[in-house]
Amino acid sequence: MENTFEVKQDGTVLNIVLNGQLATANAPALMEELNKYKNQGVTKVSFDATNLTYIASSGIRVVIFAKQKLGGNPEIEFINCNQEITGVFEMTGIKEYINFIKK
Amino acid sequence: MQRVDLFPTHEYGGYKLRAGRPYPFGATVVGNAVNFSIYSRYATDCTLVLFHNHDKTPFLEIPFFKEFRLGNVFSMMVFDLDYENIEYGYRMDGPFAPRQGHRFDKTKILMDPYAKLIAGRDVWGKEPDWINNYQYRSRVVFDDFDWENDLPLETPVNDLVIYEMHVRNFTCGDKAGVKHPGTFAGIAEKIPYLKELGVNCIELMPIHEFDEFENSRPAPDGHTLYNAWGYSNVGFFAPKAAYASTGKYSMQVDELKNLIKKLHAEGIEVILDVVFNHTAEGNENGPYISYRGIDNKTYYMLTQDGYYFNFSGCGNTLNCNNPNVRDMIVDSLRYWVTDYHVDGFRFDLAAILGRDQNGYPMANPPLLESLAHDPILGKTKLIAEAWDAGGLYQVGSFPSWGRWAEWNGKFRDAVRRFVKGDEHVLDDVKERITGSADLYASANRGIKASVNFVTAHDGFTMMDLVSYDGKHNEANGEGNRDGDDNNNSWNCGWEGESTDIGTNFLRHKQIKNFISILMTSQGIPMVLSGDEIGNTQFGNNNAYCQDNEISWLDWKNLEKNADIFNYFQKIIKFRRQHKALRYEYHLGHSDWRNLGMPDFSWHGVKAWQPWNTYNNLTQAFMLNGRYADSDGKPDDFIYVAMNMHWEMHGFELPQLPDGLKWHVFANTAMAAPQDIVEPGYEILIDNQWEVLVEARSIMILVGK
């Protein structure tokens, strides 16, 4: 599966579809993309993780960036996140501020 | 604006390169490049070897161009590497001349001594692929972590209650009740337990990357013996991958940092047990992992014939006072403090760190002095195990510059002997209880230099100390020859587990006696993980190779030995509430402030008469809380009566100033729950003149 992402803005919500892996090959580019929305009044960042198979350290950094650096302390949501990735969020200490949604 | 020194100048194998930055050593992400830098004094050539994760064969080997070497450092930037998905190593060329100390072999692929992430042993106990010629594989870390406001806690050292633990043993056992047993995440799940117990510092047995399969072998009963404790480093900068539940995703760095951040949030410090005295490469017959092939003569202490000195008992000795090795050790410690927010270090066999390059002890070892004065480590706890396997014993004389504390092995030995009823140790015990002034009163060291303990990972657990006269190490497969024979233990009348109510009551009482002395003594108390629930290793006093029920804490004991846990919890709380028990410097044993009574006084069965009576097994002491005022509020008086004699004796109480009365806090002779009360709720005693202390018992009174 290709390691791609797609970002769409819906009002103050950013919807991000993740495919394959979120690692060094694509995480810096996603962070750069997110950076465009810094201080733009984003209230929620929703990651669709239905097709996400793996997240590396650099991917974790993207989630932290979304929470802490976009401005306004947006809500972070993960849709259809698999158990292993949820476990990684837990053990690296960021699970507390993620809402996990099943669709 | 782009830096002008971040553009490639060379190309090799499809990758763009340029001369790297010699500092820092290791692999560092710089912009869209990785800077590889490695030191070798005697290498003639160096090649960077790159693998895709887990691959047996490299996808590229890049020789360092001549212009990429500065002095004795090879450094190179490689651009556009997918650094999370590669592993790297080095081939070093140079002389193979063992008698001159050189063992270069360019057929070997070598781990970076500065590797901050090491792959190859990612899941505990998973048999490695031994055919693979690169076993311990350096990886690149992008060192950022969201620490928020966290910093090392800088708890005053005299306020610490240290809890020594092993990452796996703590949560692998039955009923541990965690989702991620044997891992950093498992410890994080147990933070509420640590808070309930009341400790404010955990000391982790080695967590640097090591190989649990080193010297792995079948035990007599067929189970596998491992290098379970990990006192044998592969690398000094990387956490043990298999101690992280996320190790299989190479996220051990994040998992450990998250644990430390969570512990700090609950006021619990983290001390790492570090092993800088030797490496896992062993002696002349050992494997090439890193140091031997990168610069054998620099990294190891060698005899004139090029053999390895063995002051560690593990085959080799790191050449700690070579200036370059010294730098590596300092770099490692600084890294753990700056990037992991670690609060302190306990140095295994630290006496070796004070030996010169020929193995002779130095008066002012430069490494120890550097660490004592290092700016980044300026508030970091430094604790020495002040002896080594070469016979150098420096308890009380470890070069300290007023900064180093020591594991006080003399406290352990004296208190063990006293509690078992040895009549020749009272004078020694009195020194230990008062902070070992004979060892630490000089050189501005003070009480804060003494880490007091009765048990540690080496030796019996506290339950075994009162259950076994001798060691029972048969499961280690060495015919019970390994492990210390000098345990100063007493089985209370029966060797091993017992169903006899009287024997078990005595054992529990002896445990409470030990912890009572430990927590009311001056110095930094250290508790061995599991002692608070009466953990047994079934008489094994050297369980370094046991990754099974022998070593794992059996959490069923929390219920079975609830009285022991309750006693530990309350007496730890008592210590933390009473400043009189936590002085930084030694007491005068006099009334130097004219407060009516001395700051500290010894007593016998008669008040103010500390004469040796009843086989030197009765003694009491009193702390005058008025010397321990904080914020203008004096502490209480504390009186501890110790009767290690086998008969009951009355202890005449010293009379308190007007308005104060003696109250009972603890009496180890009583069955739970009458053995101890909640600190602050001590019970007023009717007879203010004398207490009767049962045989082999301790009473703790509070004057308020």
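Model, not experiment: these values are computed from the prediction. (Residues numbered from 1 in each chain as written. Chains lettered and ligands numbered in written order. Predicted model: local features only at pLDDT ≥ 70, side-chain atom pairs only at ≥ 80, totals over all residues. Heavy atoms only, no water.)

A count of helices and strands for chain B gives 14 helices and 31 strands. In terms of overall dimensions, chain B is globule-like: its C-alpha atoms have a radius of gyration of 27 Å, near the 27 Å expected for 704 residues. A principal-axis box enclosing the C-alpha atoms of chain B has dimensions of 90 × 55 × 50 Å. Looking at chain B as a whole, 63% of its 704 residues are labelled buried. The contacts of chain B with a sequence gap of at least 6 include a subset with a gap of at least 24, amounting to 71%. Accessible surface computed for chain B: about 25,500 Å², of which carbon and sulfur atoms make up 50%. (Helix = DSSP H or I, 4+ residues; strand = E, 2+ residues; numbered from the N terminus. Rg over C-alpha atoms; globule rule 2.2 N^0.38 Å. Buried < 20%, exposed > 50% of the residue type's maximum accessible area, 1.4 Å probe, protein only. Contact = heavy atoms within 4.5 Å. Areas by Shrake-Rupley, 256 points an atom, 1.4 Å probe, with all protein chains shown as cover.)

Scanning chain A from terminus to terminus reveals three helices and five strands. Starting at the N terminus and ending at the C terminus, chain A contains elements arranged as β-β-α-β-α-β-α-β. Compactness check: chain A gives a C-alpha radius of gyration of 12 Å against a globular reference of 13 Å for 103 residues, within 12% of the reference. Along the longest, intermediate and shortest principal axes, the C-alpha atoms of chain A span 30 × 25 × 25 Å. Relative to its 103 residues, chain A shows a buried fraction of 50%. Considering only residue pairs separated by 6 or more positions, chain A has 64% of its internal contacts joining residues 24 or more positions apart. Accessible surface, chain A as shown: approximately 4,800 Å² in total, 46% of it carbon and sulfur.

All names here are of chain B. One finds Tyr163, Phe345 and Phe347 to be the most contacted residues of the largest nonpolar core, which totals 192 residues. Here this core takes nine residues from helix H6 (residues 323-340), the largest share from any one element. Shared between two domains, this core takes at least three residues from each, and those domains are domain 1 (10-139) and domain 2 (589-703). Not counting chain neighbours up to four residues away, the residues in contact with Phe345 comprise Ile271, Leu272, Val274, Leu333, Trp336, Val337, Leu377, Thr380, Lys381, Leu382 and Ile383. (Core = buried A, V, L, I, M, F, W, Y, C linked by side-chain atoms within 4.5 Å. Domains from an automatic or database assignment.)

All names here are of chain B. Estimates place the volume of the largest pocket at around 1,200 Å³. With three residues, the top contributor of residues to the lining of the largest pocket is helix H8 (residues 409-420). The residue inventory of the lining of the largest pocket, partitioned by class, reads 13 nonpolar, 16 polar and 11 charged. (1 Å grid on protein atoms, 1.4 Å probe; cavity = no way out; pocket = protein on both sides within 12 Å on 5 of 7 lines; lining within 4 Å. Points joined across faces, edges and corners; volume = space filled by probe spheres on them. Nonpolar A, V, L, I, M, F, W, Y, C, P; charged D, E, K, R; others polar.)

Most of strand E3 (residues 26-30) of chain B sits out of view: four of its five residues are buried. Counting the residues in the hairpin turn of E3(B) and strand E4 (residues 33-39) of chain B gives two residues, including B:Gly31, whose phi is positive at 60 degrees. (Pairing = 2+ DSSP bridges.)

What follows concerns unusual backbone geometry. Residue and element names in this part refer to chain B. Residue Pro24 is bonded to the preceding Tyr23 through a cis peptide linkage, with omega at -5 degrees. With omega at 5 degrees, the peptide bond leading from Ala672 into Pro673 counts as cis. Mapped onto the elements of the fold, Pro673 is located in the loop between strand E28 (662-667) and strand E29 (683-684). In the Ramachandran plot, Asn594 falls in the positive-phi region, its phi being about 55 degrees despite a non-glycine side chain. Looking at where Asn594 falls in the secondary structure, it is placed in the loop between helix H14 (562-577) and strand E24 (600-603).

Quite often, the size of an interface is put as the accessible area lost when its parts meet. On the chain B side, the residues contacting the 19 residues of chain A number 20 residues. Taken together, the two surfaces of chain A and chain B that pack against each other cover about 1,700 Å², and 47% of this comes from carbon and sulfur. Its largest share of buried area at the contact with chain B, chain A owes to A:Thr24, A:Arg61 and A:Met91, together 38% of the area lost on that side. For A:Glu96, the salt bridge identified is with B:Lys262, shortest N-O distance 3.8 Å. Here chain A and chain B share 12 residue pairs in polar contact (both at pLDDT 80 or more) between them. (Buried area = accessible area lost by both parts, 1.4 Å probe. Salt bridge = Lys/Arg side-chain N within 4 Å of Asp/Glu carboxyl O. Polar contact = N/O pair within 3.5 Å; in protein donor to acceptor, adjacent residues only side chain to side chain.)

Here we come to the environment of B:Lys560. Tracing the chain through its elements places B:Lys560 in helix H13 (residues 557-560). Along the backbone, B:Lys560 and B:Gly534 are 26 residues apart, and their C-alpha atoms lie at a distance of 8.7 Å.

Counted under the stated rule, the structure contains six cavities of 30 Å³ or more. Lining the largest cavity we find 18 residues, and of these A:Ser57, B:Glu84, B:Leu117, B:Val140 and B:Ser250 sit closest to its centre. Those elements that provide at least two residues to the lining of the largest cavity are helix H2 (57-68) of chain A together with helix H4 (252-265) of chain B. Broken down by class, the residue content of the lining of the largest cavity amounts to 10 nonpolar, three polar and five charged.

Per-residue pLDDT for chain A averages 92, and the proportion of residues at 70 or more is 97%. Looking across chain A, the model is least confident in H2(A), with a mean pLDDT of 92, and most confident in strand E4 (residues 75-79) of chain A, with 96. (pLDDT = per-residue confidence, 0-100.)

Our focus in this paragraph is helix H3 (residues 83-91) of chain A. All of the buried residues along H3(A) are A:Ile85, A:Thr86, A:Gly87, A:Val88, A:Phe89 and A:Met91. Looking at the packing, one finds that the buried side of H3(A) touches strand E3 (44-55), H2, E4 and strand E5 (98-101) of chain A together with helix H2 (184-189) and H4 of chain B.

Bringing the environment of B:Phe64 into the picture now. Residue and element names in this part refer to chain B. Here Phe64 shows up in the loop between strand E6 (60-63) and strand E7 (69-70). Taking the C-alpha atoms as reference points, Phe64 and Asp469, 405 residues apart in sequence, are found 61 Å from one another. Among residues more than four places away in sequence, those in contact with Phe64 are Phe36, Cys46, Thr47, Leu48, Phe74, Ser75, Met76 and Tyr90.

So, on to the pairing of strand E14 (residues 162-165) of chain B. Residues and elements named next belong to chain B. Neither face of E14 is left uncovered, since the one carrying Ile162 and Glu164 and the one carrying Tyr163 and Met165 both have all their residues buried. Here E14 runs beside strand E23 (residues 524-528); their pairing, made up of three bridges, is parallel. Each bridged residue has a counterpart across the sheet, and for Ile162 the counterpart in E23 is Met526. Relative to strand E15 (residues 201-204), E14 runs parallel, the two sharing four bridges.

Time to look at the pattern of salt bridges. Residues and elements named next belong to chain B. Under the counting rule described, the total for this entry stands at 42 salt bridges over all chains. Between Arg168 and Asp547 there is a salt bridge whose closest N-O contact spans 2.9 Å. Remark: Asp547 occurs in the loop between E23 and H13 and Arg168 occurs in helix H1 (residues 167-171); sequence separation between them is 379 residues. Considered together, Arg168 and Asp547 belong to a single accessibility category, that of buried residues. In this structure, a network of salt bridges that share partners links the residues Asp273, Arg346, Asp348 and Glu385.

For the rest of this paragraph, the subject is the sheet that holds strand E18 (residues 269-274) of chain B. Taken together, eight strands build a closed barrel; the order of strands is E14-E15-E18-E19-E20-E21-E22-E23 (chain B) and the barrel is parallel. With direction set aside, neighbouring strand axes in the sheet form an average angle of 25 degrees. (Axes fitted to C-alpha atoms, helices over the stretch in contact; angles between N-to-C directions.)

Attention shifts here to the side chain of B:Arg326. All names here are of chain B. Looking at the element boundaries, Arg326 is found in helix H6. Although Arg326 lies buried, it forms no salt bridge, and the closest oppositely charged side chain, Asp327, sits 5.4 Å away as judged by the N-O distance. What Arg326 contacts, discounting residues up to four positions off in sequence, is Cys320, Asn321, Pro366, Leu367 and Ser370. (Lys, Arg positive; Asp, Glu negative; His and termini not counted.)

Residues and elements named next belong to chain B. In contact at an axis separation of 9 Å, H8 and helix H9 (residues 426-433) are set at 130 degrees when each is read in the N-to-C sense. Considering their axes alone, H8 and H9 lie oblique with respect to each other. The interaxial crossing formed by H8 with H9 has left-handed handedness. Taken together, the residues of H9 that come into contact with H8 (itself represented by Lys410, Phe411, Ala414, Val415 and Phe418) are Leu426, Asp428, Val429 and Arg432. When grouped by side-chain class, the residues that make up the contact of H8 with H9 number six nonpolar, no polar and three charged. (Parallel < 35°, antiparallel > 145°, perpendicular 65-115°, else oblique. Left-handed = near helix turned anticlockwise from the far one by under 90°.)

Bringing the environment of B:Phe311 into the picture now. In this fold, B:Phe311 is placed in the loop between helix H5 (291-299) and H6. The sequence separation of B:Phe311 and B:Leu349 amounts to 38 residues, and the corresponding C-alpha distance is 9.1 Å.

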